[in-house]
Amino acid sequence: MGASTGCFSSLRGDWPALVAAAHEVSSYAAELAALQAREFEGLLSYLDLGPALPFNDLSVHAPTKGLRDPAHLRELLERLPLGIETIVVHPDTLGDGDELAALGSRLIVENMDGRKAFGQTADDLATVFARLPEAGFCFDIAHAWSIDPSMALAGELIDRLASRLREVHLSSLADGRHVGLTDEHAALFAPLLSRCVDVPWILEAPVSAS
Amino acid sequence: MDSRSSRLSELTSGGGLAALAARSGEPLPHLMAARRRSLEARDAAAARLAELECQEDVSVVVMGSWGRLELTSGSDHDFVVLVGGSPRIAVSPTPAQVGEVLDKPPSRSGAFDGVAYVDHLVTRIGRRADDNDNLTRRMLLVLESMAIAGGAAHEAARRAVIETYIDTRVKDYRPPRFLLNDLQRYWRTICVDFEGKQRDRRSKDKWALRAAKLRTSRKLLFASGLLPVLECHDLTAEEMRTWLGETFAAPPVDRIADAFLRHEAYDAGVRTLVAYDRFLGHLDDEAFRDELRSLSRGDEDRSAAWVEARRLGRQIEEGLLALLFDRDALARLVRQYGLF
């Protein structure tokens, strides 16, 4: 388990401090999240310096906002150092083509929450993986819960995309925002999470002491 | 049938790779293709070797990727002529005759392309006489070997080695420590030798290819030995003989897949074997191999092939760790026997 740098909003833009904060949580895994295209430029500049990134598993969350088109996203992602082997993308930023196919297995596609028009279901994601056959799956369990609190959809995602699973995003949702995992959700999510113990779990919001 | 007997029956059901592929719907195309290629190569080699005299206690045994049924286009043809007794002058066929029959040379390792004597494998265990080649041959005979001539002699040799480990001191319902220690010694020897080779300037050129195999094939091979040995915890000493004899006759990935299935770790099992399947697919690609072969240490992160191999290696390791540490029955055994 590790943290997304998105947990540390007060440090936003200060990449050395964000990496240090994520490392305080875990040296096993971390996700460097830069959801605005402009913010991502700052991350690229930081990574160009070749900083020590002392994590066993490290992913970068691609920008989802401020993008002109999928070609713009590709241009940004191709500037990531090759050593970044996992890049989380949202399916609704990818367009209908295979613009990003050259990024191959470095890409992992995240399931979306109910606010998005596309990318929530296993069928939606199957169309994405048909265009990006090498890509993996990032399972955001709170997103799946937001669409189907019975967790049937979450179960279907794990059933159908088991072999592609590379990362779990872990949090609860309140008013569409990621918040720390509640006790109720911890219990509800546990059976499915037990099927994901071999991939990194990334906390998308601070967890309370309890 | 009491519960212990039914446990043996459950353990020996076998066929893990095909069962996991069927359960998951993942075709594992590269593993399956490599298996077909290995068996076709075995049949072709066996037909050619049939023209040579093969003494009754002699077998020609392939190891390495061929022995694992994971032959790819870049594989060496590693073999030994295995003699079921002590050293003697006249052995037939000779390694030179076998080398002429096989259309690819073995890897440049002292363990292959020679004669091995079962007496050495079973009497020289530990101490100075058990050199690196002897240890390697003994372990690979147990873990990843297949006969292309003299099948009965090969099977007798494999059973003799297993029997050496399951001697009278083995207790019922306790994993055989002798075998466990030798297995762990072999794995650690591979790891230490990898570093040793990096310090040898002449061997530096293929470090990335070696490292990639260490993180994937060799790690899986070790786990494919470790798991059956730990699971001896459920068996009497007599049942261990049956179990180890049968399970070590199966290819290593079948043993791995069987363990994931038995312990109901299907998801991690599928991801582990899909990752390995993908690695084998890459190994079958000359451009991928060449990129790893020519990679200098320090340039790792400039190589897409290395980054992919590293990622797949990590995925395999995480899958194995999930099996060993997140399933209660195995976690208890690893805790009890894994370190000390």
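Bear in mind that the values here come from a model prediction, so they are computed numbers and not experimental data.

## As for the interface of chain A and chain B
Part 1 of the argument: Across the contact, 19 residues belong to chain A and 21 residues belong to chain B.
Part 2 of the argument: Buried surface at the junction of chain A and chain B, both sides included, amounts to about 1,700 Å², of which 43% is carbon and sulfur.
Part 3 of the argument: Among the residues of chain A in contact with chain B, Glu85(A), Ser163(A) and Asp198(A) are the three that bury the most area, contributing 35% of the side total.
Part 4 of the argument: At the junction of chain A and chain B, the tally comes to six salt bridges.
Part 5 of the argument: One salt bridge connects Asp267(B) with Arg195(A), and the closest N-O pair in it is separated by 2.9 Å.
Part 6 of the argument: One can count twelve residue pairs in polar contact (both at pLDDT 80 or more) joining chain A with chain B.
Part 7 of the argument: Across the side of chain A that touches chain B, the residue classes break down as nine nonpolar, four polar and six charged.

## Some remarks on the packing of helix 12 (residues 252–262) of chain B against helix 15 (residues 304–326) of chain B
Residues and elements named next belong to chain B.
Part 1 of the argument: Relative orientation of the contacting elements helix 12 and helix 15 amounts to 50°, with a least axis distance of 10 Å. Between helix 12 and helix 15, the angle is such that the two are oblique. The two elements helix 12 and helix 15 cross, and the hand of that crossing is left-handed. Across the interface between the two elements, Ile256, Ala259 and Phe260 of helix 12 pack against Gly319, Leu320 and Leu323 of helix 15.

## Structural notes on the packing of helix 13 (residues 266–283) of chain B against helix 15 of chain B
Residues and elements named next belong to chain B.
Part 1 of the argument: At their nearest, the axes of helix 13 and helix 15 sit 8 Å apart, and the two run at 150° to each other. Judged by the inter-axis angle, helix 13 sits roughly antiparallel to helix 15. Relative to helix 15, helix 13 is oriented so that their crossing is left-handed. Here helix 13 contributes Ala268, Arg271, Thr272, Ala275, Tyr276, Arg278, Phe279 and His282 to the contact with helix 15, which in turn contributes Glu308, Ala309, Arg311, Leu312, Gln315, Ile316, Gly319, Leu320 and Ala322.

## A short note on the sheet that holds strand 2 (residues 79–83) of chain B
Residues and elements named next belong to chain B.
Part 1 of the argument: Spatial ordering of the open sheet is given by 3-2-1-4, a layout of four strands whose pairing is mixed. At either end of the open sheet lies a strand with only one pairing partner, and these are strand 3 (114–117) and strand 4 (146–149). Taken pair by pair, the neighbouring strands of this sheet meet at an average axis angle of 40°, ignoring direction.
Part 2 of the argument: Bridge count between strand 1 (residues 58–62) and strand 4: three bridges; the pairing is antiparallel. Its bridge partner being in strand 4, valine 60 is matched across the sheet by alanine 149.

## Considerations on the environment of Leu333(B)
All names here are of chain B.
Part 1 of the argument: When you line up the elements, leucine 333 lands in helix 16 (residues 328–337).
Part 2 of the argument: Residue class for leucine 333 comes out buried when judged on its relative accessible area of 9%.
Part 3 of the argument: In sequence terms leucine 333 and histidine 233 are 100 residues apart; their C-alpha atoms lie 7.9 Å from each other.
Part 4 of the argument: The contact partners of leucine 333, leaving out residues within four places of it in the chain, are Leu230, His233 and Gly338.

## Quick notes on the sheet that holds strand 4 (residues 87–89) of chain A
All names here are of chain A.
Part 1 of the argument: Spatially, the eight strands close up into a barrel ordered 1-2-3-4-5-6-7-10, and their pairing is parallel. Within the sheet, the average angular offset between the axes of one strand and its neighbour, ignoring direction, is 30°.
Part 2 of the argument: Relative to strand 6 (residues 136–140), strand 5 (residues 107–110) runs parallel, the two sharing three bridges. Bridge pairing in strand 6 links glutamate 110 to cysteine 138.
Part 3 of the argument: Docked against the sheet, helix 1 (residues 15–25) engages strand 1 (2–4) and strand 2 (29–33), running at close to 150° with respect to strand 2.

## Quick word on helix 12 of chain B
Because an α-helix completes one turn every 3.6 residues, residues spaced three or four positions apart along the sequence face the same direction.
Residue and element names in this part refer to chain B.
Part 1 of the argument: Of all eleven residues making up helix 12, eleven are buried, and the element is well covered by its neighbours.
Part 2 of the argument: All buried positions along helix 12 are accounted for by Pro252, Val253, Asp254, Arg255, Ile256, Ala257, Asp258, Ala259, Phe260, Leu261 and Arg262.
Part 3 of the argument: Backbone geometry just downstream of helix 12 places glutamate 264 in the positive-phi region, at approximately 55°.

Reading guide: rules and limits
Residues numbered from 1 in each chain as written. Chains lettered and ligands numbered in written order. Predicted model: local features only at pLDDT ≥ 70, side-chain atom pairs only at ≥ 80, totals over all residues. Heavy atoms only, no water. Contact = heavy atoms within 4.5 Å. Buried area = accessible area lost by both parts, 1.4 Å probe. Salt bridge = Lys/Arg side-chain N within 4 Å of Asp/Glu carboxyl O. Polar contact = N/O pair within 3.5 Å; in protein donor to acceptor, adjacent residues only side chain to side chain. Nonpolar A, V, L, I, M, F, W, Y, C, P; charged D, E, K, R; others polar. Axes fitted to C-alpha atoms, helices over the stretch in contact; angles between N-to-C directions. Helix = DSSP H or I, 4+ residues; strand = E, 2+ residues; numbered from the N terminus. Parallel < 35°, antiparallel > 145°, perpendicular 65-115°, else oblique. Left-handed = near helix turned anticlockwise from the far one by under 90°. Pairing = 2+ DSSP bridges. Buried < 20%, exposed > 50% of the residue type's maximum accessible area, 1.4 Å probe, protein only.

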